[in-house]
2 protein chains.
Amino acid sequence: MDKKAPAGNPSRPNPLPGCPMAAAFAAIGGKWKLTLLYWLAHGETHFAGLRRRAAPITPKVLAEQLRELEADGLVERVETGPVPAPVVYRLTPYGTTVLPVVEGVRVWGEAHLRRTQGEASPAVPMSCADMIA
Amino acid sequence: MDKKAPAGNPSRPNPLPGCPMAAAFAAIGGKWKLTLLYWLAHGETHFAGLRRRAAPITPKVLAEQLRELEADGLVERVETGPVPAPVVYRLTPYGTTVLPVVEGVRVWGEAHLRRTQGEASPAVPMSCADMIA
DNA sequence: CTGTATCCGTGCCGATACTG
DNA sequence: CAGTATCGGCACGGATACAG
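Residues numbered from 1 in each chain as written. Chains lettered and ligands numbered in written order. Predicted model: local features only at pLDDT ≥ 70, side-chain atom pairs only at ≥ 80, totals over all residues. Heavy atoms only, no water.

Topic: the relation of the copies chain A and chain B
Stated formally: When the copies are superposed, the least-squares fit takes in the C-alpha atoms of residues with a pLDDT of at least 70 in both. Whether two residues are in contact is decided by their heavy atoms: any pair within 4.5 Å suffices.
Least-squares fitting of chain A to chain B yields an RMSD of 0.0 Å, with the transformation described by 0.0 Å of translation along the axis and a rotation of 180 degrees. Within this description, the copies of the chain are treated as partners about a two-fold rotation axis. A shared binding surface is used by both copies, with 100% of the interface residues of chain A retained as interface residues in chain B.

Things to note about the protein's contact with DNA strand C
This is how it is decided: A cutoff of 4 Å decides nearness: a residue is near a molecule or strand if any of its heavy atoms lies inside that distance of it. Contacts described as polar in this section are N or O atom pairs within 3.5 Å, which, within protein, must combine one atom able to donate a hydrogen with one able to accept it, while residues neighboring in sequence count only if both atoms come from side chains.
Every one of the 19 residues lining DNA strand C counts as a neighbour, but Arg12(A), Lys31(A), Lys60(A), Arg77(B) and Tyr89(B) are closest to it. Close to the protein, within 4 Å, the atoms of DNA strand C belong to sugar or phosphate groups at a rate of 67%. A distance of 2.9 Å is found between a phosphate oxygen of DNA strand C and a side-chain nitrogen or oxygen belonging to Trp32(A). The contact in question runs from a phosphate oxygen of DNA strand C to an N or O atom on the side chain of Tyr89(B), over 2.7 Å.

What to know about the sheet that holds strand β3 (residues 87–91) of chain B
Residues and elements named next belong to chain B. The following threshold applies: Following DSSP output, two strands are said to pair if at least two bridges run between them. Elements are defined by DSSP. Helices are runs of H or I of four residues or more, strands are runs of E of two residues or more, and each kind is numbered from the N terminus. Axis lines are fitted to C-alpha atoms, over the contacting stretch for helices. Their N-to-C directions set the angle, which ranges from 0 to 180 degrees.
Within the open sheet, the three strands sit side by side as β1-β3-β2. Their pairing is antiparallel. Whereas interior strands pair on both sides, the edge strands pair on one side only; in this sheet they are β1 (45–46) and β2 (75–79). With two bridges joining them, β1 and β3 adopt antiparallel strand pairing. Each residue of the ladder has a partner; that of His46, found in β3, is Val88. Here helix α2 (residues 33–40) sits on the sheet and contacts β1, β2 and β3; the angle it forms with β3, its principal contact strand, is near 95 degrees.

Re helix α2 (residues 33–40) of chain A
Cut-off, in case you're wondering: Burial classes: relative accessible area under 20% of the type maximum marks a residue as buried, over 50% as exposed, and values in between as partly exposed (1.4 Å probe, protein chains only).
For α2(A), a buried count of eight out of eight residues is recorded, marking the element as mostly surrounded by other parts of the structure. Here α2(A) has its buried residues at Lys33(A), Leu34(A), Thr35(A), Leu36(A), Leu37(A), Tyr38(A), Trp39(A) and Leu40(A).

The values reported here are purely geometric and, on their own, carry no functional implication.
Rendered as structure tokens:
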């Protein structure tokens, strides 16, 4: 029974074995993963915290994505309390290595946003803000 | 405004309006888009060239992704000949702005590959190689 | 050579409800 | 609070064949 998978049990299989792009995509290509990593870069949070930040994500999908990120060694799940179990999610040291990528995507996305929508975008309309650790 | 930037006809709608991540993902989040941009960074190619490079992509999907990249102003389609129509695809100036992101993803993907598979990956097994312009 | 048409499988994601 | 269960849908991506 697979309990934890430190970098030997990738959540998603690489469709193109040996291709760096595909490998990266398998790890951080989920719809919400970059956003989750982005918010986790701000500091550890718990489940509900991520739920609030990460827009209209549903608990099921959030749990899935978190478990995949965990399986890829990017995110660490820490149980801080015994009973009410305020679990805390945080980036692993390895997880911090993706932050430049996350930031790169975010910055480019911002520029792209301004390009496509011009000035039509207010500041932080939904949930994603700017800044990064 | 912009001389030839479509930039008003995004191929994929942004599911989270105003979110840079989502915007970026809508533009370059396609399964093959990063790979295509990567190869296009090596120089202009034609349809068949991309087909060969981009692994087992099917013509339909290739055409789709290319049209989306074109709609987002990242890729330019140039017809070089009249009849046999050797069309050439190339990055637009704006398209080159994503190259850092592409490279970042690729580099991280390589590291991730080595992390997950150790030394089990031969050199360029399928189609993706290394290097970039 | 450069695509398009048609059909289809399934992976990804979502809503709601329920449990420790 | 932190998740899991179940169900479903739809879009994304794919295969094959055909056309300009």
